[in-house]
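So the chains spell out like this:
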Amino acid sequence: GFVAYFALTLFDEYNAFRMLAYIIEHVVPTYYGFTLSGAVVDVRVLTDLLESKDPVLFQHMQRLGLTLEMFAVQWFLTLFTTIFQSPVVVRLWDLLMVGHEWTLLEIGLAIMEEVRPALLAVDDFTVGFALLKDIGSLIVDEEVLVTRTQRIGLKHQEVANLRANHGSHFTQ
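If you're wondering where the values come from, they're calculated on a predicted model, not measured in any experiment.

Enquirer: Summarise the overall build of the protein; cite the residues concerned and give the values.
Expert: The number of helices and strands found in the protein is 11 helices and zero strands. Secondary structure of the protein in N-to-C order comes out as α-α-α-α-α-α-α-α-α-α-α. For the protein, whose C-alpha radius of gyration is 16 Å, the value lies close to the compact-globule estimate of 16 Å for 172 residues. With respect to the principal axes defined by its C-alpha atoms, the protein has extents near 50 × 35 × 30 Å. Counting the 172 residues in the protein, one finds 44% classified as buried.

This is the structure in structure tokens:
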């Protein structure tokens, strides 16, 4: 729904359909099945990546009782259309269209990197939850987020191994 609506705000019906077909077939092919397993697996992969790449932030979130599952499933399923203003979403979709199969994970890590200082300053679950729920008000400069995303540089094998590990918990 949200992804289709956003595509229709950018394109005529024909091109919006082509964009949606591309997204579903190439960007998030396992996300919209009955179990939403692809999205769930990728959020778990994002969690593992955050733990390995920024253990301080990961442990701080754990102490607060915050998990990426609380937020990132929505980010991924709606391709950020429900959290960011249109200019940010358009630039993120640009990355998704020309990126690789794990660009979505790099965007997730870039988001966490961008909000890191604000989140580390929080010492209460409720405040941290509100901060992450309203992340779009913290990240308004799409070029900063795009630059952060492009610097992440995940490796195919790292992502493939994590997806295989988490994907083994699902049956399609």
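Text resumes after the structure shown.
Enquirer: Give me the lowdown on the packing of aromatic side chains, citing residues and values where you can.
Expert: This structure, assessed with the given rule, holds seven aromatic pairs. Ring geometry for Phe 76 against Phe 80: centres 6.4 Å apart, planes inclined by 85 degrees, an arrangement best described as edge-to-face. An aromatic cluster is defined as three or more aromatic residues linked by ring pairs; in this entry it consists of Tyr 31, Tyr 32, Phe 76, Phe 80 and Phe 84.

Enquirer: Outline the nonpolar core, supporting the account with residue identities and numerical values.
Expert: One recurring pattern in soluble globular proteins is that nonpolar side chains are buried together. Counting 59 residues, the largest nonpolar core has Trp 75, Phe 80, Phe 84, Trp 93, Met 112 and Leu 132 as its most contacted members. Those residues within four positions of Phe 84 in sequence are excluded, and the remaining contacts are Val 89, Leu 92, Ile 111, Ile 135, Gly 136, Ile 139 and Leu 145.

Enquirer: I'd love a proper account of the environment of Val 43, names of residues and values included.
Expert: The topology assignment puts Val 43 in helix H3 (residues 37-53). As a C-alpha pair, Val 43 and Leu 10 span 33 residues in sequence and 27 Å in three-dimensional space. Beyond its immediate chain neighbours, meaning those up to four positions away, Val 43 contacts Leu 68, Glu 69, Ala 72, Val 73 and Phe 76.

Enquirer: Before we move on, could you go through helix H11 (residues 156-167) and cite the residues and values that matter?
Expert: The end-to-end C-alpha separation of H11 is 16 Å, in line with the 16 Å expected for 12 residues at 1.5 Å each. Turning to H11, its buried residues are Val 159, Leu 162, Arg 163 and His 166. Around the axis of H11, the buried residues are gathered within 100 degrees of arc, so they sit on the same side.

Enquirer: Can you tell me about helix H10 (residues 142-152), naming the residues and giving the values?
Expert: Of all the positions in H10, only Leu 145, Val 146, Thr 149 and Ile 152 are classed as buried. Burial along H10 is one-sided: seen end-on, the buried residues are contained in an arc of 115 degrees. Facing away from the buried side of H10 by more than 90 degrees, the exposed set consists of Gln 150 and Arg 151. Those residues of H10 hidden inside the fold are in contact with helix H6 (86-98) and helix H7 (103-120).

Enquirer: Residues and numbers for unusual backbone geometry, please.
Expert: Across residues other than glycine, the phi torsion is negative in most instances, and most of the peptide bonds are trans. Of note, Leu 79 is a non-glycine position whose phi angle comes to about 50 degrees, a positive value. With respect to the element layout, Leu 79 can be found in the loop between helix H5 (72-77) and H6. Looking at Leu 79, the relative accessible area reads 1%, which means it is buried. Even without being glycine, Phe 80 reaches a positive phi, approximately 75 degrees. The topology assignment puts Phe 80 in the loop between H5 and H6.

Enquirer: Lay out the side chain of Arg 163 in plain terms, naming residues and giving numbers.
Expert: Here Arg 163 is to be found in helix H11. Contacts of Arg 163, omitting those with residues within four sequence positions, involve Val 41, Asp 42, Val 45, Glu 101, Trp 102 and Leu 105.

Enquirer: Residue-level account of the packing of helix H1 (residues 2-10) against helix H2 (residues 13-27), with values.
Expert: Geometry of a packed helix pair, given as the angle between the helix axes and the separation of the axes. Contact geometry of H1 with H2 gives a least axis separation of 8 Å together with a crossing angle of 140 degrees. If you check the angle between H1 and H2, you find them oblique. Crossing geometry of H1 relative to H2 is assigned as right-handed. On H2, the residues that touch Val 3, Ala 4, Ala 7 and Leu 8 of H1 are Glu 13, Ala 16, Leu 20 and Ile 23. Its residues assigned to classes, the contact of H1 with H2 shows seven nonpolar, no polar and one charged.

About the thresholds
Each chain has its residues counted from 1, running along the sequence as written. Residues qualify for local features only when their pLDDT is at least 70, as the model is predicted, and side-chain atom pairs are given and counted only at 80 or more; totals for whole chains, interfaces and linings, by contrast, use all residues. Each side-chain value is derived from all of the structure's non-hydrogen atoms; neither hydrogens nor water enter the calculation. Helical segments are the DSSP runs of H or I of at least four residues, strand segments are the runs of E of at least two, and each set is numbered from the N terminus. We compute the radius of gyration from the C-alpha atoms alone; for a globule the expected value is 2.2 Å times N to the 0.38, where N is the number of residues. Here's how the labels work: a residue is buried when its accessible area is under 20% of the maximum for its type, exposed when over 50%, partly exposed in between, all with a 1.4 Å probe on protein chains only. The criterion for an aromatic pair is that two Phe, Tyr or Trp rings (for Trp, the six-membered ring) have centres within 6.5 Å, with stacked assigned to planes under 30 degrees apart, edge-to-face to planes over 60 apart and tilted to the rest. To form a nonpolar core, buried Ala, Val, Leu, Ile, Met, Phe, Trp, Tyr and Cys residues must be joined to one another through side-chain atoms within 4.5 Å. Contacts are assigned to residue pairs with any non-hydrogen atoms lying within 4.5 Å of each other. For a helix, the expected span equals 1.5 Å multiplied by the number of residues minus one. Read the arc as the range of directions from the helix axis to the C-beta atoms. Every axis corresponds to a line fitted to the C-alpha atoms, with the helix fit spanning only the stretch in contact, and the corresponding angles, defined between N-to-C directions, vary from 0 to 180 degrees. For this classification, under 35 degrees means roughly parallel, over 145 means roughly antiparallel, 65 to 115 means roughly perpendicular, and everything else is oblique. Here a crossing is taken to be left-handed if its near helix is turned anticlockwise relative to the far helix by less than a right angle, and right-handed if that turn runs clockwise. When residues are grouped by polarity, Ala, Val, Leu, Ile, Met, Phe, Trp, Tyr, Cys and Pro land in nonpolar, Asp, Glu, Lys and Arg in charged, and all others, Gly among them, in polar.

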